[in-house]
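Summary of the model geometry
So you can see what is in the structure, the chains are spelled out below.
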Amino acid sequence: MKWEKTITTEQEYEVALARLSTIFDADADSAEGMEAELLVTLIEKYEKEHYPISLPDPIDAIKDTMERKGLKDKDLIPAIGSKTTVSLVLNRKRPLKVEMVRNLSTLLGLSVNLLIQPYALVGKKQEINQ
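Residues numbered from 1 in each chain as written. Predicted model: local features only at pLDDT ≥ 70, side-chain atom pairs only at ≥ 80, totals over all residues. Heavy atoms only, no water.

Turning our attention to the overall build of the protein. Of regular secondary structure, the protein possesses seven helices and two strands. Relative to its length of 130 residues, the protein is extended, with a C-alpha radius of gyration of 22 Å against a globular reference of 14 Å. Dimensions along the principal axes, computed over C-alpha positions, put the protein at roughly 60 × 35 × 20 Å. Restricting to contacts in the protein with at least 6 residues of sequence separation, those with at least 24 account for 54%. As displayed, the protein has an accessible area near 8,800 Å², and 53% of this comes from carbon and sulfur atoms. (Helix = DSSP H or I, 4+ residues; strand = E, 2+ residues; numbered from the N terminus. Rg over C-alpha atoms; globule rule 2.2 N^0.38 Å. Contact = heavy atoms within 4.5 Å. Areas by Shrake-Rupley, 256 points an atom, 1.4 Å probe, with all protein chains shown as cover.)

The next subject is the packing of aromatic side chains. On inspection of all chains with the given rule, the structure shows three aromatic pairs. Aromatic side chains Tyr13 and Tyr46 sit 4.8 Å apart centroid to centroid with 25° between the ring planes, which places their arrangement in the stacked category. Residue Tyr13 is found in helix α1 (residues 10-23), and its partner Tyr46 is found in helix α2 (residues 31-50); the two are separated by 33 residues along the sequence. We note that Tyr13, like Tyr46, is buried. Ring centres of Tyr46 and Tyr51 lie 6.3 Å apart, and the angle between their planes is 65°; this geometry places the pair in the edge-to-face category. (Phe/Tyr/Trp six-rings, centres within 6.5 Å; stacked < 30°, edge-to-face > 60°. Buried < 20%, exposed > 50% of the residue type's maximum accessible area, 1.4 Å probe, protein only.)

What follows covers helix α3 (residues 58-69). When the terminal C-alpha atoms of α3 are compared, their 16 Å separation across 12 residues agrees well with the 16 Å that a helix rising 1.5 Å per residue should span. The secondary structure elements touched by the buried residues of α3 are α5 (83-90), α6 (98-108), α7 (112-115) and β1 (119-120). Here α3 starts with a cap whose side-chain oxygen sits 3.0 Å from the backbone nitrogen of Ile59, and that cap is Asp57. The first or second residue beyond α3 is Gly70, which carries a positive phi of 70°. (Expected span 1.5 Å × (residues − 1). Polar contact = N/O pair within 3.5 Å; in protein donor to acceptor, adjacent residues only side chain to side chain.)

Here we take up the environment of Gly81. Assignment of secondary structure puts Gly81 in the loop between α4 (77-80) and α5. Taking the C-alpha atoms as reference points, Gly81 and Lys97, separated by 16 residues in sequence, lie 11 Å from one another. Once you skip the residues sitting within four places of it in the chain, Gly81 turns out to touch Leu76 and Val86.

Let us now look at unusual backbone geometry. A positive phi angle, close to 60°, is found at Arg92, a residue other than glycine. Tracing the backbone through its elements, the reader meets Arg92 in the loop between α5 and α6. Arg92 sits in the buried class, given a relative accessible area of 17%.

Time to look at the domain arrangement of the protein. Considered domain by domain, the protein is made up of domain 1 (10-51) and domain 2 (58-116). Taking the mean C-alpha position of each, domain 1 and domain 2 sit 39 Å from one another. (Domains from an automatic or database assignment.)

Time to look at the confidence of the model for the protein. Detailed reading of the predicted coordinates is not advisable wherever pLDDT falls low. Residues at a pLDDT of 70 or more form 94% of the protein, whose mean pLDDT is 91. With pLDDT under 50 throughout, residues 126-130 is counted as low confidence; its partners more than four residues away or in other chains account for 13 contacts. (pLDDT = per-residue confidence, 0-100.)

This is the structure we're talking about:
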């Protein structure tokens with residue numbers, strides 16, 4: 001199949017995936033290698049449009065990162081504030097503020113875009129938008 005246009009249907013997507021799996025290890029300078037590079041671009045574009053990946057919940061991301069790095073709640077005090085404020089934020093009783101987001105991004109290495117995602121607070125019916 002010649003790849004003269006973007007992938008627009010699920011059937012074209014499946015064909016492209018199958019072809020890519022066949023030529024994936026081709027030499028980059030060969031015709032098949034160049035076709036593989038083109039297919040990767042077309043497949044990524046299709047997946048971005050049809051299978052978007054949303055960012056994780058900010059509080060879950062903070063907790064996961066803390067666990068992965070072996071951090072305790074008290075280690076967030078410099079980024080968030082007092083021990084009480086850390087507890088309130090991690091238990092979803094108080095929203096993250098702009099300064100907290102900046103500090104947590106630096107401390108934990110999480111993107112600001114992830115940390116500003118809306119999330120539900122305990123006892124609140126609507127999500128908090130930063």
